Amino acid sequence: MPKLSMDIVLDKNTSAKLRAISKHTAALADELERIDAETCPGCGELCEVTEYHADGMPAHKSYMCHVCGYIKRESTL
Ligand SMILES: [Zn+2]
């Protein structure tokens, strides 16, 4: 079976670009996790998220679906 090969030369710009890609993929992963957390398990729509604070600290979040009525409360303490 023929093999393909590729030489990659990492110069200063390449490592800066790789760092930029890494930063953005980490932010994208966080965003995708947030979307997953906010997606209604009943109907797949995005829930309305409300954060409640106690003494200035996040205490809990509620997820409410306006389509099917799903409600979830989650402690963030
Ligand atoms: Zn729903």
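Residues numbered from 1 in each chain as written. Predicted model: local features only at pLDDT ≥ 70, side-chain atom pairs only at ≥ 80, totals over all residues. Heavy atoms only, no water.

Draft legend 1. Fine view of the pairing of strand β2 (residues 57-64). Relative to β2, strand β1 (residues 48-54) runs antiparallel, the two being bridged by 7 bridges. Along β2, the bridge assignment pairs Val 49 with Tyr 63. The antiparallel pairing of β1 with β2 creates a hairpin that spans 2 residues between the two strands, and Asp 55 there sits at a positive phi of about 55 degrees. Pairing between β2 and strand β3 (residues 71-75): 5 bridges, direction antiparallel. Within the sheet, the bridge partner assigned to Tyr 63 lies in β3 and is Lys 72. The loop that links β2 with its antiparallel partner β3 comprises 6 residues; one of these, Gly 69, has a positive phi angle of about 90 degrees. (Pairing = 2+ DSSP bridges. Helix = DSSP H or I, 4+ residues; strand = E, 2+ residues; numbered from the N terminus.)

Draft legend 2. Seen up close, the coordination of the zinc ion. Protein coordination of the zinc ion is provided by Cys 40 (SG), Cys 43 (SG), Cys 65 (SG) and Cys 68 (SG), with donor distances spanning 2.2 to 2.3 Å. When the donor residues of the zinc ion are listed from N- to C-terminus, their spacing reads C-x2-C-x21-C-x2-C. On the criterion of sequence distance, the pair formed by Cys 43 in the loop between α1 (12-38) and β1 and Cys 68 in the loop between β2 and β3 is long-range, its members being 25 residues apart. For Cys 43, a relative accessible area of 34% gives the class partly exposed. (Donors = N, O, S within 2.8 Å, 3.2 Å for Na, K, Ca; no water. Buried < 20%, exposed > 50% of the residue type's maximum accessible area, 1.4 Å probe, protein only.)

Draft legend 3. Main features of the pattern of salt bridges. Within the structure shown, the criterion is met by 3 salt bridges. Linking Glu 31 and Arg 34 is a salt bridge whose minimum nitrogen-to-oxygen distance equals 2.7 Å. Taken together, the residues span about one helical turn, with Glu 31 and Arg 34 both in helix α1 at a distance of 3 residues. On the basis of relative accessible area, Glu 31 is assigned to the partly exposed category, the value being 36%. Residues joined in a network through salt bridges with shared partners are Glu 31, Arg 34 and Glu 38. (Salt bridge = Lys/Arg side-chain N within 4 Å of Asp/Glu carboxyl O.)

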